[in-house]
Amino acid sequence: VLDPAMLRPGRFDRRGVVALPDMAGRGSIIAVHTKKVPICDGVNLDSLARGTPGFSGADLANMVNEAALIAAKCNKTEVLQEDFESAKDKVLMGTERKSMIFSKHELINTAYHEAGHTLVAKLVNADPVHKVTIIPRGRALGLTQMLPEEDRYSVTKSYTLDQIAVLYGGRIAEDLKFGDITTGAGNDIDRATELARKMVCEWGMSESIGPISFGKKGDSIFLGKDIQQPQDYSAKTAEKIDEEVKRIMTEQYDRAYKILKENWDQLSAIAEALIVYETLSSTDIDTLMGGDKLTREPPKVRMTTREDLANRQQKSNEEAEKKAKDADKDTLLGPLADGATD
Ligand code: ZN
């Protein structure tokens, strides 16, 4: 927590706002950082700049660095486009944690959860889905990564409503598949609630409440965010706000529910492909939604499930037993058998 006294006049008078770079800015930042990196001729830096909206300068530096590391790990002398793409995913979604062990059921549950997000995102006007995966990354068990097509400086009401519907897609898919739900959607519900509350209280996007902002952040003692937030509205208004937030969320929940129920075949096609391929690209998703099957090879190194481990253990136990038995045979029957065979 920073003491606001730090910002009293005479201390830090000159303040600069560093906004996130736009596409041209990202291009120049990438150019600076790639100067000392041996890059393959075919690498298209412009497409990298286009494909990284929302990245900060530090993210881009990190991406170039990771790409060089990935290339070096594979003993390449030059960094290829694919290295940049994996580095971008790493910066965007966190490091893959393929070594985590789940039960088969948990994996299937995650696959349906992510497929739910993906399908709702495809069928409303959300940002394009960049990638969807059931490999845990960072703290997430699975991930549906959407990436805007271009730089975004503000969002519309309909876009925000679509976002809320997409966030509910995961929970609903679990429910439709198993008739039961998990804690995996906790973060989604958090984010959906925050968006709906902001729509009502900050962005004036609710018709019944009107374009008023509530809960103005007063001058609290510390800069550490909402520690002290004086309530600048009546209890009656608070009730209205709660009702409105709930209405927005329920409407989007029902909307996502309808979308997933009506497109169950597409949902299960994406989920089943996720179980086999673990990560799907945007073109994979389009193929599956078009009713076709994926023809590429599934990954060689797959996630290990608890059942796989148990099977492996059983196999090695059986082998050990067989070896022990054979050894017994050798010592007990070996000499006898010599003369007794036909
Ligand atoms: Zn989710």
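Residue numbers run consecutively from 1 along every chain, following the written order of its sequence. Under the rules for a predicted model, residues below a pLDDT of 70 receive no local features and side-chain atom pairs below 80 are neither given nor counted, while totals for whole chains, interfaces and linings still include all residues. Excluding hydrogens and water, the side-chain values take into account all heavy atoms of the structure.

**Looking at the state of the cysteines**
Then comes step 1: In this description, a disulfide is simply a cysteine sulfur pair whose atoms lie within 2.5 Å. Under the counting rule described, the total for this entry stands at zero disulfides.
Then comes step 2: Left without a disulfide partner, Cys40 is nearest to the cysteine sulfur of Cys74, which lies 14 Å away.

**Considering the nonpolar core**
Then comes step 1: Throughout this description, the term nonpolar core refers to a set of buried Ala, Val, Leu, Ile, Met, Phe, Trp, Tyr and Cys residues connected via side-chain atoms within 4.5 Å. Each residue gets one of three labels from its accessible area relative to the maximum for its type: buried under 20%, exposed over 50%, partly exposed in between, using a 1.4 Å probe on protein chains only. Counting 52 residues, the largest nonpolar core has Val120, Ile164, Ile270 and Leu280 as the members making the most contacts within it.
Then comes step 2: By the criteria applied, helices consist of DSSP H or I runs no shorter than four residues and strands consist of E runs no shorter than two, each listed in order from the N terminus. Sorting elements by how many residues they give to this core places helix α6 (residues 157-178) first, with eight residues.
Then comes step 3: For this analysis, residues touch if any pair of their heavy atoms sits within 4.5 Å. Contact partners of Leu280, with chain neighbours within four places excluded, come to Lys131, Val132, Ile270, Ala273, Leu274, Ile285, Leu288, Leu294 and Arg296.
Then comes step 4: Listed in part, the 15 residues of the second largest apolar core include Ile30, Ala49, Val64 and Ala67.

**Re the coordination of the zinc ion**
Then comes step 1: With water excluded from the atoms, a metal site may look incomplete; its donors are any N, O or S atoms within 2.8 Å, or within 3.2 Å for Na, K and Ca. Surrounding the zinc ion are the protein donor atoms His113 (NE2), His117 (NE2) and Asp188 (OD), which sit 2.0 to 2.1 Å from the metal.
Then comes step 2: Taken in sequence order, the residues that donate to the zinc ion follow the motif H-x3-H-x70-D. Placement of the pair is His113 and His117 together in helix α5 (residues 104-123), with a separation of four residues, close to one helical turn. Across the pair, exposure class does not vary: His113 and His117 are buried alike.

**Thoughts on the packing of aromatic side chains**
Then comes step 1: Think of it this way: a Phe, Tyr or Trp ring, Trp meaning its six-membered ring, pairs with another when their centres are within 6.5 Å, and the plane angle makes it stacked under 30 degrees, edge-to-face over 60, tilted otherwise. Going through the model one piece at a time under the given rule, you end up with four aromatic pairs.
Then comes step 2: A centroid spacing of 5.1 Å and a plane angle of 75 degrees characterise the contact between Tyr168 and Tyr253, whose relative ring orientation is edge-to-face. Taken together, the residues Tyr168 in helix α6 and Tyr253 in helix α8 (residues 235-262) connect sequence positions 85 residues apart.
Then comes step 3: On the basis of relative accessibility, which here comes to 25%, the residue Tyr253 falls in the partly exposed class.
Then comes step 4: Where Tyr253 meets Tyr257, the ring centres are 6.4 Å apart and the plane angle is 25 degrees; that geometry is what we call stacked. With Tyr253 and Tyr257 both in helix α8, this residue pair falls four residues apart, about one helical turn.
Then comes step 5: Working rule: Lys NZ or Arg CZ, within 6 Å of ring centre, within 35 degrees of ring normal, means a charge sits over the ring. Positioned above the aromatic ring of Tyr159, the side-chain terminus of Arg152 is 4.1 Å from the ring centre.
Then comes step 6: Between the NZ or CZ atom of Lys177 and the centre of the ring of Phe178, over which it lies, the distance is 5.9 Å.

**Quick word on the confidence of the model for the protein**
Then comes step 1: Overall, the prediction assigns the protein a mean pLDDT of 87, with 91% of residues at 70 or greater.
Then comes step 2: When the elements of the protein are averaged for pLDDT, helix α11 (residues 306-340) gives the smallest value, 78, and helix α9 (residues 264-277) the largest, 96. Looking at any residue, its pLDDT shows the predictor's confidence there, from 0 to 100.

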